[in-house]
Amino acid sequence: MNHTQDMLDFLYACPTCFHTVHAVETRLEENGYERLEEKNRWKLEEGGKYYVTRNQASIIAFRIPRKDYTGYMIGASHSDSPSLKIKENPELKGHGYTKLNVEKYGGAILSGWLDRPLSAAGRVMVKEGNRIVSKLYCSEEDLFVIPSLAIHMNRKTNEGMNWNVQTDLCPLMAVDENTDFLSIVSEDLRVRKEDIIGHDLFLYVREKGRVIGRHKDMILAAHIDDLMCGYGDLVGFLNSKDGDSVPVLAIFDNEETGSLSAQGADSTFLADTLAAINDGCGRDAMANRTAIAESFMVSADNAHAVHPNHPEKADPVNQPHMNAGIVIKYNANQHYTSDALSAAVFRMICEKAGASCQVFTNRSDMLGGSTLGNLSERHVSLHTVDIGLPQLAMHSCMETAGTKDTEDLIQAMQVFFSSSVAAEKDDFEVKVSE
Ligand code: CO
């Protein structure tokens, strides 16, 4: 099965981190996974399939093998993408217009947001007596546009713009001064506006992702970073077989703002969940430590393919190409966690899976980005490799990637989640259950 269309549908169903968690939850439920709550003490069964969420924005799923387990095989990715977040008191009125007051979320490329149909999605807190009920929201209408300034009014527009979010990027909502954004939301949700007492709402682009190119070798879609990895990890996880370890699928929010939140990769969510799994299987605390020593993490966040117009921005040798497989990411200063051992383990997994892999390093005179892996190490320290799928235009609101690479990731993660690792002094063994 080629997963391209299914992945594009998944991406479109995930305009915000909350929708990502909801979409993953739905697929887990369809496959017999049971939701657990962090507030409860867990009693887990051999052969059991479970998941837990934190703040609706991060999710961890896992399976308990039919025998005592050796370690955790963790595949991590992120649920959020750069965007424009709608502020409190969201209207800006004047000159016969109503605009929306927004701020930047993460390191967005801003120019892409102009002159295209936009809408709003996220979650809304609704008062019902003493209860605060969380409602997912995604408007199905083209609600806004951020219009460019005509070239006649800025002759320098093609010489590079210095976008100011407060002045240049306010989305236009109506050609009048009395449109009220939260009234639209409350009408859509069929609740009273005064009962909306909290919201996390973001802009999203309305175009569906699509396959492009005569040879249908590329996709153009929103949120390729990092839902392409989230999707590949999820499908690989669902397809994997039981082995000696606990397979753990982790999708974290807030990677784009540095992962530090109650539910990000730099929170206690993963560490707490592993400890709760250990406890829920009736094991003592020390057993969790020994399990972590025989565990492995794949931190999956997309990578830069060599740019067709700017090949000089890539390392002279290590230049990932779209449709050439999974990218192992290296950085000597540990912005990426990959080292000799973790990359070797991952290469062995790819070989067993028949998946192609390639290598990314930054140019030595460029700083580059960072990701989840090294921040997660603060809370659960274990052998980790940083990988991603090659893409272009990272952090644009529409990004480009290859149509083949997701298949490699699915194959590799299916083998990974079916495997366990065994440490023998300084050596390592990768065991794949057949
Ligand atoms: Co990313």
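Residues numbered from 1 in each chain as written. Predicted model: local features only at pLDDT ≥ 70, side-chain atom pairs only at ≥ 80, totals over all residues. Heavy atoms only, no water.

**Student:** Quick one: what's the story with the pattern of salt bridges, residue by residue and with numbers?
**Tutor:** A pair can form between side chains of opposite charge whenever their charged atoms are brought close. Tallied over the full model, the rule gives 18 salt bridges. Taking the shortest distance from any N to any O, the salt bridge between E194 and R192 comes out at 3.9 Å. Here E194 matches R192 in class, with each residue exposed. Across the pair R363 and D365 runs a salt bridge whose closest N-O atoms are separated by 2.8 Å. When salt bridges with common partners are traced through the structure, they connect E25, R35 and E37 into a single cluster. (Salt bridge = Lys/Arg side-chain N within 4 Å of Asp/Glu carboxyl O. Buried < 20%, exposed > 50% of the residue type's maximum accessible area, 1.4 Å probe, protein only.)

**Student:** How would you explain the sheet that holds strand β1 (residues 34–35) if you had to name every residue and give the values?
**Tutor:** Strand order in the open sheet made by the 9 strands is β1-β2-β3-β13-β4-β14-β18-β16-β17, with mixed pairing throughout. Edge positions in the sheet fall to β1 and β17 (357–361), since each has one partner strand and no second. Across 4 bridges, the pairing between strand β4 (residues 72–78) and strand β14 (residues 296–300) is parallel. Residue M73 lies in a different strand from β14, and its bridge partner there is F296. Helix α5 (residues 224–239) contacts β3 (58–63), β4, β13 (246–252), β14 and β18 (384–388) of the sheet and is inclined by roughly 150° relative to β4. Lying over the sheet, helix α8 (residues 340–353) contacts β14, β16 (326–330), β17 and β18, oriented at roughly 175° with respect to β16. (Pairing = 2+ DSSP bridges. Helix = DSSP H or I, 4+ residues; strand = E, 2+ residues; numbered from the N terminus. Contact = heavy atoms within 4.5 Å. Axes fitted to C-alpha atoms, helices over the stretch in contact; angles between N-to-C directions.)

**Student:** Describe helix α10 (residues 405–417), listing the residues and the values that go with them.
**Tutor:** Between the first and last C-alpha of α10 there are 18 Å, a value that for 13 residues agrees with the 18 Å anticipated at 1.5 Å per step. Across the 13 residues that make up α10, a large majority, 11, are buried. Taken residue by residue, α10 has D405, T406, E407, D408, L409, I410, A412, M413, V415, F416 and F417 as its buried positions. (Expected span 1.5 Å × (residues − 1).)

**Student:** Go over empty space enclosed by the protein with me, naming the residues and quoting the values.
**Tutor:** Empty space among the atoms becomes apparent when a probe as large as a water molecule is rolled across them. Following the criterion strictly, the structure yields 2 cavities of 30 Å³ or more and no others. What the largest cavity holds in volume is close to 160 Å³. Looking at the largest cavity, it is lined by 18 residues, and the ones nearest its centre are V205, A221, A222, H223 and C397. Contributions of two or more residues to the lining of the largest cavity are made by α1 (4–12) and β10 (196–205). Looking at the lining of the largest cavity, its residues break down into 11 nonpolar, 5 polar and 2 charged. Lining the second largest cavity we find 13 residues, and of these P15, T16, C17, D80 and S81 sit closest to its centre. Partitioned by chemical class, the residues of the lining of the second largest cavity number 6 nonpolar, 5 polar and 2 charged. (1 Å grid on protein atoms, 1.4 Å probe; cavity = no way out; pocket = protein on both sides within 12 Å on 5 of 7 lines; lining within 4 Å. Points joined across faces, edges and corners; volume = space filled by probe spheres on them. Nonpolar A, V, L, I, M, F, W, Y, C, P; charged D, E, K, R; others polar.)

**Student:** Explain α5 to me, using residue names and the numbers behind them.
**Tutor:** The end-to-end C-alpha distance of α5 is 22 Å, a good match for the 22 Å that 16 residues give at a rise of 1.5 Å each. Counting buried residues along α5, 14 of its 16 residues qualify, which places the element largely inside the surrounding structure.

**Student:** Break down the nonpolar core for me, citing the residues and quoting the values.
**Tutor:** Membership of the largest hydrophobic core comes to 51 residues, with the highest contact counts inside it found for F10, L28, I326, F346 and I387. Top element by residues in this core is α5. It accounts for 8 residues. In contact with F10, not counting residues within four places along its chain, are A23, V24, R27, L227, Y231 and L234. If you look at the next biggest cluster of nonpolar residues, it comprises 31 residues, including V126, L143, I146 and I196. (Core = buried A, V, L, I, M, F, W, Y, C linked by side-chain atoms within 4.5 Å.)

**Student:** Give me the lowdown on the layout of surface pockets, citing residues and values where you can.
**Tutor:** Of the pockets and cavities examined, the largest pocket occupies roughly 500 Å³. Residue lining of the largest pocket: 23 residues in total, with P147, S148, L149, T167 and D168 positioned closest to the centre. Listing elements by their share of the lining of the largest pocket, those giving two or more residues are β5 (83–94), β6 (97–105) and α3 (165–168). Looking at which element gives the most residues to the lining of the largest pocket, the answer is β5, with 3 residues.

**Student:** Tell me about the coordination of the cobalt ion, and please be specific about residues and values.
**Tutor:** At this site the cobalt ion is bound by H78 (NE2), D225 (OD), D301 (OD) and D301 (OD), with donor distances of 2.0 to 2.7 Å. Between the 4 donor atoms coordinating the cobalt ion, the angles at the centre fall across 52 to 140°, so the site counts as irregular. Counting the intervening residues between successive donors of the cobalt ion yields the motif H-x146-D-x75-D. On the criterion of sequence distance, the pair formed by H78 in strand β4 and D301 in the loop between β14 and β15 (303–304) is long-range, its members being 223 residues apart. Judged by relative accessible area, which is 4%, D301 ranks as buried. (Donors = N, O, S within 2.8 Å, 3.2 Å for Na, K, Ca; no water. Tetrahedral: all angles 85-135°; square planar, octahedral: opposite > 155°, others 65-115°.)

**Student:** Could you give me a rundown of the packing of helix α2 (residues 17–30) against α5, with the residues and numbers involved?
**Tutor:** Here α2 crosses α5 at 15°, and the two axes come no closer than 11 Å. The angle between α2 and α5 places the two elements in the roughly parallel class. The way α2 lies across α5 gives a crossing that is right-handed. Facing α2, whose interface residues are T20, V24, R27 and L28, α5 presents L227, Y231, L234, F237 and L238. Of the residues that constitute the contact of α2 with α5, the class distribution is 7 nonpolar, 1 polar and 1 charged. (Parallel < 35°, antiparallel > 145°, perpendicular 65-115°, else oblique. Left-handed = near helix turned anticlockwise from the far one by under 90°.)

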